[in-house]
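Structural overview for review
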Protein chains: 2
Amino acid sequence: MALEHAILVSLTERAGSGYELTRRFDKSIGFFWGATHQQIYRVLKRMDEAGWVAVEHVPQDGKPDKKVYTVTQAGADEIARWLAEPTAPPELRDELAVKLRAAAFSDPDVMIAEVERRRAHHAERLALYEAMSERDFPDPNALTGSALHQFLVLRGGVSAERGFVAWCDEAAAALRREKGES
Amino acid sequence: MALEHAILVSLTERAGSGYELTRRFDKSIGFFWGATHQQIYRVLKRMDEAGWVAVEHVPQDGKPDKKVYTVTQAGADEIARWLAEPTAPPELRDELAVKLRAAAFSDPDVMIAEVERRRAHHAERLALYEAMSERDFPDPNALTGSALHQFLVLRGGVSAERGFVAWCDEAAAALRREKGES
DNA sequence: GTCTGCATGTAACTGGTTACATGATTAT
DNA sequence: ATAATCATGTAACCAGTTACATGCAGAC
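This section reports on the structure supplied with the text.

The rules behind each value
Residues numbered from 1 in each chain as written. Chains lettered and ligands numbered in written order. Predicted model: local features only at pLDDT ≥ 70, side-chain atom pairs only at ≥ 80, totals over all residues. Heavy atoms only, no water. Contact = heavy atoms within 4.5 Å. Buried area = accessible area lost by both parts, 1.4 Å probe. Salt bridge = Lys/Arg side-chain N within 4 Å of Asp/Glu carboxyl O. Least-squares fit on C-alpha atoms with pLDDT ≥ 70 in both. Near = heavy atom within 4 Å. Polar contact = N/O pair within 3.5 Å; in protein donor to acceptor, adjacent residues only side chain to side chain. Helix = DSSP H or I, 4+ residues; strand = E, 2+ residues; numbered from the N terminus. Nonpolar A, V, L, I, M, F, W, Y, C, P; charged D, E, K, R; others polar.

Another aspect to go through is the interface of chain B and chain A. Contacts between the two partners involve 69 residues from chain B, matched on the other side by 69 residues from chain A. Note on chain B versus chain A: buried area summed over both sides is about 6,500 Å², and carbon and sulfur give 61% of it. On the chain B side of the interface with chain A, the three residues burying the most area are Thr87, Leu92 and Arg101 of chain B, jointly 13% of the side's total. Here chain B is connected to chain A by four salt bridges. We note a salt bridge from Glu170 of chain A to Arg155 of chain B, for which the minimum N-O separation is 2.7 Å.

As structure tokens, this is what we get:
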């Protein structure tokens, strides 16, 4: 269970409201740990009750009030505790893999098109991560601290998406070969 | 929602009981779509009520009775319907990525050890998939039909695990470099 | 006599998704 | 007018996990 921790990490980088956190989870940290606003508000409330975060009501003109959350000492302690804990490996759960296994029941062209659609999705993601990487970290060898760590997370995305693209290409080629032979 | 479909696909390959399905979900199909026995029994019951599968009670000597499930016509129709549907891309959800981002709050050696632990996990998985690949599909270019599709799913695992291993290596090297410099 | 494997389940809980709801401001 | 953005939330539901429960057979 790590949405709590993802939020804590994000809040240590910069304090913010539930809404702002939702924006962050639409990009950057959210690429590796997704969350919707409902979930974020719920967890924020729970963490406030647990004393991991403190709230400050900030009135704004022209906009609704916002509740800005900051990490408390108890929250920082919780991050440290969690960091020292062993990390669960991610499980792959890919619907396309299950569909591929059932491809014999499908029109080959439909299956090939679906694999290609997925290839496009991953290629887009890959391009995005690579663009972010070049824009924000043009000189990787000079990086240290937080910037280095953020860069490494991005590199994880690049690596994963490259793998997916290669897989889609291999699968599409094999399905085409099979179709041609029959 | 695809556990239903993963089970249907597995049952079209071979009829079986909840227990047998649980075994299959501990390997092969389960590498790409995990499920516990409780979940499987529950979904099987639901699918029976929906008429997607039919049950046959099989008494055995020396062993408890088992309920062998087979896919009905309605179940086959459901597979076809699902195959034609667009497939949701998998979201990466990796706790290690979140931890990496918080690495500044951690002892560098602990973080490096954790990355290495994960590297070992993925290397093991990779070796397993490659061994399965060589054992079950020694001549990939000759494959067609179901065997080809199963092979392609395995290749997805190989591709994903290779990506993870490369990432762990890159991250560990960078963290070491950073540690050495400070 | 204790553990592993076969075989099936219930119950409580946690985490995540979808739908609904409100209300002001700014830009087209 | 109407849509988008800011900002917060409730409620119902679905999927998945953990713990508990039963009972027989065969191996060590």
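The discussion continues.
Next up on the list: the relation of the copies chain B and chain A. The transformation that overlays chain B on chain A combines an axial shift of 0.0 Å with a rotation of 180°, and the residual RMSD is 0.0 Å. The transformation just described matches what one would write down for a two-fold rotation axis. Across chain B, the smallest distance between a C-alpha and the rotation axis is recorded for Gly163 of chain B, namely 2.9 Å. With an isologous cut-off of 70% or more, the 100% of interface residues of chain B that recur at the interface of chain A puts this contact in the isologous class.

In the region of DNA strand D, 20 residues are neighbours, and Gln60, Lys67 and Arg93 of chain A together with Met1 and Gly62 of chain B sit closest. Within 4 Å of the protein, the contacting atoms of DNA strand D are drawn from sugar and phosphate to the extent of 59%. In this structure, Arg93 of chain A approaches DNA strand D through a side-chain N or O atom, which is 2.5 Å from a phosphate oxygen. Between Arg42 of chain B and DNA strand D, the recorded distance is 3.0 Å, taken from a side-chain N or O atom to a base oxygen. The greatest single-element share of the surface near DNA strand D, amounting to four residues, is contributed by helix α3 (residues 37-50) of chain B. Looking at the surface near DNA strand D, its residues break down into five nonpolar, eight polar and seven charged.

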